[in-house]
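Topology and contacts: notes
Chain by chain, the residues run as shown.
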Amino acid sequence: MQERETSDEYELRRSMVISLHNQPPSMQVYSTNETVDAVVIGTGAGGAPLMARLAAAGLSVVALEAGKHWSPARDFATDERAQAELFWNDERLSAGGNPLPFGNNNSGKGVGGSTLHYTAYVPRPQPDDLRLHTEFGVGADWPLEYGDLEPYYDELEHFLGVSGPAAYPWGPPRRTAYPLAPLPLNGAAQLMERACAAHGIRTSPAANAALSARYFQTGVGWRAACTNRGFCQAGCSTGAKASMDVTFVPLAVRAGAEVRTESFVIRLETDRSKRITGVVYVRDGREERQLCRHVFLCAGGIETPRMLLINNLANSSGQVGRNFMAHTGLQVWGQFAEDVRPYKGIPGALISEDTHRPADADFAGGYLLQSIGVMPVTYASQVARGRGLWGERLREHMRGYNHTAGINILGDCLPSARNYVELSDELDARGLPKPRVHFTNGENERRMNAHAEKLMREVWATAGARDIWAFPRNAHIIGTCRIGTDAETAVVNPDGRAFDVPNLYIADNSIFPSALSCNPALTIMALSLRTADLFLRRAQRSEN
Amino acid sequence: MKANTYPRGTVRALVETSLVTPATRMALLSRLVPDDAPPPPEPKPRFFDAEAFDTLRAACDRLIPQADRPHPVQLAGALDERLAEGKGDGWRYNQMPPDGEAHRRGLRGLNESAHAMFGEAFYELEASRQDEVLLVVQRNEAQGETWKTLPAHRFFEELLAELVECFYSDPLTQEEIGYVGFADAHGWSAVGLNELEAHEPRAIEDMADAGARNIGRIRVAAKHGD
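Residues numbered from 1 in each chain as written. Chains lettered and ligands numbered in written order. Predicted model: local features only at pLDDT ≥ 70, side-chain atom pairs only at ≥ 80, totals over all residues.

Right, let's get into the overall build of chain A. Per the secondary structure count, chain A includes twelve helices and 22 strands. Taking 544 residues into account, the globule formula puts the C-alpha radius of gyration at 24 Å, and chain A, at 22 Å, falls close to it. The C-alpha extent of chain A, read off along each of the three principal axes, is 65 × 65 × 50 Å. Contacts spanning at least 24 positions in sequence make up 75% of the contacts within chain A whose residues lie at least 6 apart. (Helix = DSSP H or I, 4+ residues; strand = E, 2+ residues; numbered from the N terminus. Rg over C-alpha atoms; globule rule 2.2 N^0.38 Å. Contact = placed C-beta atoms within 7 Å.)

What follows is the structure, given as structure tokens:
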């Protein structure tokens, strides 16, 4: 017999969870008048890793975060509506032939940024992803190689505690194994696994930054194993998912960094030599200014260019906001005789990269396949938008929710002149121009989607799906402040430093020159650590 | 695919148990209308005028019919409240004006189309004619002055998606589709195909197949302690 938990019991359980990965009681606090070594704008996958690195090297670091510092065990409900505050809900205007939804798609708010609601899917790119132009004559090459990022992937997978297969079938041989065994396959993953086998498509349990077993994290402490709660996309309440708020942020705070929350940056102030001298932000309705020697802008593929455009900074190339990309992310859904219960288990449990460079492709690049679980409000909303079902037909379809499973792709997206972020004439509540995001899939993306839709429909039919339907979709916000070797065509140099502003670094998905055919979070973190290391090396050299 | 129906009472039976975390319980209880609640008072719109609100309520009744629900989810009221508070969801179509204006104009457009097709306001039409109006609006083929400057299909999509999200956020609607992901305190150990834990409700057809009608309900009740 189970009784309702008393509040004392709950508090005890909560304090046990929190103590595993909470900050030390005293966080270093810097005066706004002190010229700190670094201000980091944004605490997501771009800002948090470098914050920890810089603080560990003894630098004075202040991170400015627009959102709150949530206490997941106390604050996070397993309820989609209640969790809407995790998303970046300041309005963006979506333009173009394939206007992108935002809000619960893509950007996050709060310490941890969009890692608060990422699926924790952390495949590495393959080396040829970084050489798309060399290979196909379209898109852009990266000014760095896989080997430059590989040590960071190794480090990240072990620090975060990535769960993954003992032998990963794709990509170059790995120097280190995943530290934890894969998470269990849920219903959607089992359906995809057996149907892909029938089609001769190899599959593997995916690499997920969620713990399949209790894990000791250096500098942070013990984190509890994933309970298969299935709610990664709207906040992990147990700390099993490696969002930044339970990994790099506490590491940074322990090393002396300050995280200043609910601080919305509105202005970057410069001197005559175009160096940034201070960052102005609004906190509690008042403007404050933090003096600093260096700025690391890590606000993501839309807010980062928006901040630069508002301040008319780092844009002598005219490339700020340009080359906006969003992965092809077509989903195919079906309903099965089996009980799937799509609310259980890590949503993306199974992967195939056999479509990385399909033999019959009529497009550049490629994509990966993954199984997907889904929560009911998200699914119902997609049924409404994607199929246009309403009335009794909608309710009838939704009664099959427990028998629903999906597969989707995550594929490359070519940069294009017609896809960009600009400032609109419309002002937000702070008086800042709202961003307008133009996006239209090009011929390459359309062909890739068509190839993938045909394949996924066949796989799902083999799996026994009925009522198969496709939901067109693009995911992730990429590009807009391209990294490159040429100041005429890129915003930051290969070290991540702005060509025009000597003490400004950008480290987030905005610097990607090509989209890569995999989920971006792990690579954003790798770039973040690399940027910090290059910065520290440069600082050391100038001291000597 | 056969329609599944699930036993009633699952949410109420689970929500007070230790299978649900306090944060989730609080979120559910804020939306869970008691079985014996009196009918809600006639809603008074804060954002829409009376005619727009009547139009909206009529559209809600067709888009998400709830005749079977003793306490229908207050969909029109929720949209009105959201707009009165000026809340947004992070984006809008560039082709569309701000949400409040889009909905005011779109509801006017529904009435214009209703007049053009049947000579009456939308909310005065019989249900089948309302459906015809909604369908041409959804297909972006509707007549009316408003639709010359407001894309009818985008208005329809935005309205439908918001109502659907509101409806499926309701715990009793989630019960109708057999969702119990809110039982989050311990997570799940049985996650594979056809693997169900004791407190996951069985579809009524499935139970009939197994000759064990109502077993899901009994198990949940046992957990609750009675």
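With that settled, consider the overall build of chain B. Assigned secondary structure in chain B consists of ten helices and one strand. For chain B, the sequential pattern of α-helices and β-strands runs α-α-α-α-β-α-α-α-α-α-α. Here chain B, with 226 residues, has 42% of them falling under the buried criterion. Here the contacts in chain B between residues at least 6 apart in sequence split such that 65% fall between residues at least 24 apart. (Buried ≥ 20, exposed ≤ 12 C-beta atoms within 10 Å, placed from the backbone.)

As a further point, take the environment of Ala 27 of chain B. The residue Ala 27 of chain B is located in helix α2 (residues 22–29) in this model. A tally of 23 C-beta atoms within 10 Å means that Ala 27 of chain B is categorised as buried. Along the backbone, Ala 27 of chain B and Asp 131 of chain B are 104 residues apart, and their C-alpha atoms lie at a distance of 34 Å. Residues contacting Ala 27 of chain B, with those up to four places away along its chain left out, are Ala 77, Asp 79 and Ala 82 of chain A.

Each α-helix turn comprises 3.6 residues. Residues three or four places apart therefore point the same way. Residue and element names in this part refer to chain A. With twelve residues, helix α6 (residues 187–198) extends 17 Å from end C-alpha to end C-alpha; this agrees with the ideal 16 Å at 1.5 Å per step. What α6 keeps buried is the set Gly 187, Ala 188, Ala 189, Gln 190, Leu 191, Met 192, Ala 195 and Cys 196. Elements in contact with the buried residues of α6: β15 (350–352), β16 (367–372), β17 (404–411) and α11 (443–462). Following α6 by one or two positions, Gly 200 adopts a phi angle in the positive range, close to 75°. (Expected span 1.5 Å × (residues − 1).)

All names here are of chain B. Running from N to C, helix α3 (residues 50–63) and helix α5 (residues 99–118) cross one another at 75°; their axes reach a closest spacing of 9 Å. One way to sum up the angle between α3 and α5 is to call them roughly perpendicular. Across from Ala 52, Thr 55, Leu 56 and Ala 59 in α3, the residues of α5 making contact are Arg 104, Leu 107, Leu 110 and Asn 111. Looking at side-chain class alone, the contact of α3 with α5 contains five nonpolar, two polar and one charged residues. (Axes fitted to C-alpha atoms, helices over the stretch in contact; angles between N-to-C directions. Parallel < 35°, antiparallel > 145°, perpendicular 65-115°, else oblique. Nonpolar A, V, L, I, M, F, W, Y, C, P; charged D, E, K, R; others polar.)

The subject of this paragraph is unusual backbone geometry. Residues and elements named next belong to chain A. Phi is positive for Glu 262, which is not a glycine, with a value near 50°. Positionally, Glu 262 belongs in the loop between β9 (258–260) and β10 (264–270). A positive phi angle, close to 50°, is found at Arg 341, a residue other than glycine. Take Arg 341: it is sitting in the loop between β14 (331–335) and β15.

Residues and elements named next belong to chain A. Where burial is concerned, most of strand β21 (residues 474–478) is hidden: five out of the five residues are buried. Direction of pairing for strand β13 (residues 325–328) relative to β21: antiparallel, over a ladder of three bridges. The partner of Thr 328 across the bridge, within β21, is Asn 474. (Pairing = 2+ DSSP bridges.)

A separate point is the packing of α5 of chain B against helix α6 (residues 127–138) of chain B. Residue and element names in this part refer to chain B. Viewed as axis vectors pointing N to C, α5 and α6 meet at an angle of 115°, and their least axial separation amounts to 10 Å. As for the relative orientation of α5 and α6, their crossing is right-handed in sense. Contact residues: α5 offers Leu 110, Ser 113, Ala 114, Met 117 and Phe 118, while α6 offers Arg 129, Glu 132, Val 133, Val 136 and Val 137. Across the contact of α5 with α6, the residue classes tally to seven nonpolar, one polar and two charged. (Left-handed = near helix turned anticlockwise from the far one by under 90°.)

Take the interface of chain B and chain A next. Opposite the 50 residues of chain B that make contact, chain A presents 69 residues. Among the elements of the structure, α2, α3, β1 (91–93) and α7 (152–168) of chain B are those that each provide at least two residues to the side of chain B that touches chain A. Counted by class, the side of chain B that touches chain A contains 22 nonpolar, 19 polar and nine charged residues. The pairing of strand β4 (residues 92–95) of chain A with β1 of chain B spans three bridges and is parallel. Its bridge partner being in β1 of chain B, Arg 92 of chain A is matched across the sheet by Trp 91 of chain B.

Right, let's get into the sheet that holds β1 of chain B. Judged by pairing direction, the sheet is mixed, and its four strands sit side by side in the order β18(A)-β19(A)-β4(A)-β1(B) without closing on themselves. Looking along the sheet, the strands with just one partner apiece sit at the ends: β18 (420–427) of chain A together with β1 of chain B. Adjacent strand axes in the sheet meet at a mean angle of 30°, parallel and antiparallel pairs treated alike. Pairing between β18 of chain A and strand β19 (residues 433–438) of chain A: five bridges, direction antiparallel.

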